[in-house]
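Residue-level listing of the chains:
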Amino acid sequence: MIETATGPDPARRRFLKEMLRVAAAGALAGIVGIPPLLRELAAAGRLYHWRGLALGGEAHLWVEAADAEQAAHLVAIALAEKDRLERIFSLYRPDSVLCRLNRAGDLAHPPPELVEVLSLARRVWEASGGAFDVTIQPLYAALASGSADDGSLRRARDRIGMHRVVFDAGRVGFTRPGMALSFNGIAQGYITDRVAAELAAAGCRNALVQFGEVRALGHAPGRAPWPVRVAGLADDALAGAPAIAVTDTAGTRIAGRYQHVLDPRTGAPVAARRALAVAAPSAALADALSTALAVLDPQAASRLLAAFPGSRARRLA
């Protein structure tokens, strides 16, 4: 555990301070979509940068702090929250809450964060006509096996459907055997939001969190808003948004063959490449919407965005 009664573990704090000191000196790695202005602010000692791994990918955190000691404390808080939530939502940790639910098909006394994400997932599922569905995991697993036949794919499709998940503060359960959940299209955004909230609670007024998706807190020192730009976007239509998520169907392939974005309504991978960015009031919502929009046709996409005020999307070049 990083946090103690008196703050971050001293050894961990020294390590983080050293990383942040290097960043403040200007020796920063590039971040896709974030311009050199942030390098200049860091070099001037007004901004601290942490880079590492989170949620299976490269992560970045920028915080405004009085000095490296305070910045290290804030980074430790952020990483502690990330670690805590991974123990709930990870598909790759056998002891996670999600893995235990998927094995048993039933979970008593679920963490409130799990219920919160399920509630948002249901809202987007309903508004998208089923284009976003966290019960897609059985189909992912069948395709990832590399040996799926028509029968196994049909059985997997029969286990998909958010309407087959019952949940409240006391229980989460599946109404059909063999169901399983995947939060790959929403958990990164949710964790990004929660990290930003923990930083704010710790007194950090200005931070930029990039833990798979992007969430802005306050503004860049001396600037408003944070100068975030989406690579491949021809205009600045999403500049200044509180949260941004990007989906590209050409990114990862399942078993080296299938595009990783699946249409839950048909069980088929999205055929054509679709790359888009979504801005929304929260990173969790932006994450879920970007996944759904990669599946929907333009008319249905417009209706979905209209259902969530403050959300907008742009196709990437």
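Residues numbered from 1 in each chain as written. Predicted model: local features only at pLDDT ≥ 70, side-chain atom pairs only at ≥ 80, totals over all residues. Heavy atoms only, no water.

## Some points on the sheet that holds strand β3 (residues 48-54)
Then, in step 1: Taking strand neighbours across the sheet as the criterion, the 7 strands line up as β3-β4-β8-β9-β10-β15-β16 in an open arrangement whose pairing is antiparallel. Whereas interior strands pair on both sides, the edge strands pair on one side only; in this sheet they are β3 and β16 (312-315). Strand after strand, the sheet turns through a mean of 15 degrees between neighbouring axes, direction not considered.
Then, in step 2: Where strand β9 (residues 214-217) lies against strand β10 (residues 243-248), 2 bridges are found, and the strand directions are antiparallel. Bridge assignment links V214 to a residue of β10, and that residue is I244.
Then, in step 3: Contacting β3 and β4 (57-63), helix α3 (residues 68-89) crosses the sheet at an angle of about 20 degrees to β3.
Then, in step 4: Packing against the sheet, helix α9 (residues 283-293) makes contact with β9, β10, β15 (275-280) and β16, and its axis sits at approximately 25 degrees to β10. (Pairing = 2+ DSSP bridges. Helix = DSSP H or I, 4+ residues; strand = E, 2+ residues; numbered from the N terminus. Axes fitted to C-alpha atoms, helices over the stretch in contact; angles between N-to-C directions. Contact = heavy atoms within 4.5 Å.)

## Regarding empty space enclosed by the protein
Then, in step 1: Counted according to the given criterion, the structure contains 1 cavity of 30 Å³ or more.
Then, in step 2: A volume near 30 Å³ is recorded for the largest cavity.
Then, in step 3: Of the residues in the lining of the largest cavity, the class split is 8 nonpolar, no polar and no charged. (1 Å grid on protein atoms, 1.4 Å probe; cavity = no way out; pocket = protein on both sides within 12 Å on 5 of 7 lines; lining within 4 Å. Points joined across faces, edges and corners; volume = space filled by probe spheres on them. Nonpolar A, V, L, I, M, F, W, Y, C, P; charged D, E, K, R; others polar.)

## So, the pairing of β4
Then, in step 1: Counting buried residues along β4, 5 of its 7 residues qualify, which places the element largely inside the surrounding structure.
Then, in step 2: Where β3 meets β4, 7 bridges bridge the pair, whose relative direction is antiparallel. Bridge pairing in β4 places W50 opposite L61.
Then, in step 3: In this structure, the hairpin formed by β3 and β4 is closed by a connection of 2 residues, where L55 is found at a positive phi of approximately 60 degrees.
Then, in step 4: Note: β4 against strand β8 (residues 207-210), 4 bridges, orientation antiparallel. Directly across from W62, in β8, lies its bridge partner L208. (Buried < 20%, exposed > 50% of the residue type's maximum accessible area, 1.4 Å probe, protein only.)

## Overview of the pattern of salt bridges
Then, in step 1: Summed over the entire model, instances satisfying the criterion amount to 10 salt bridges.
Then, in step 2: Salt-bridge contacts for D83 lead to K82; the nearest nitrogen and oxygen are separated by 2.7 Å.
Then, in step 3: By relative accessible area, D83 is classed as partly exposed at 24%.
Then, in step 4: On the basis of relative accessible area, K82 is assigned to the buried category, the value being 9%.
Then, in step 5: Taking the shortest distance from any N to any O, the salt bridge between D106 and R171 comes out at 2.6 Å. Placement of the pair is D106 in strand β5 (residues 106-108) and R171 in strand β7 (residues 171-174), with a sequence separation of 65 residues.
Then, in step 6: Classification of D106 by relative accessible area gives partly exposed; the value is 34%. (Salt bridge = Lys/Arg side-chain N within 4 Å of Asp/Glu carboxyl O.)

## A short note on the pairing of strand β6 (residues 165-168)
Then, in step 1: Because side chains alternate across β6, one face comprises the buried residues V165 and F167, and the other comprises V166 and D168, none of which is buried.
Then, in step 2: Across 4 bridges, the pairing between β6 and β7 is antiparallel. Looking at the pairing, F167 lines up with V172 of β7.
Then, in step 3: Between β6 and β7, which follow one another and run antiparallel, lie 2 residues.

## With respect to the sheet that holds β5
The strands making up a sheet associate through backbone hydrogen bonding, with each pair oriented either parallel or antiparallel.
Then, in step 1: An order of β5-β7-β6 is seen for the 3 strands of this open sheet, with the pairing classed as antiparallel. Single-partner strands in this sheet number two, and they are β5 and β6. Recorded for the sheet is a direction-independent mean angle of 5 degrees between the axes of neighbouring strands.
Then, in step 2: Against the sheet, helix α4 (residues 97-104) engages β5 and β7, with an angle of about 125 degrees to β5.

So, to be careful, I would describe these as geometric facts and stop short of saying anything about function.
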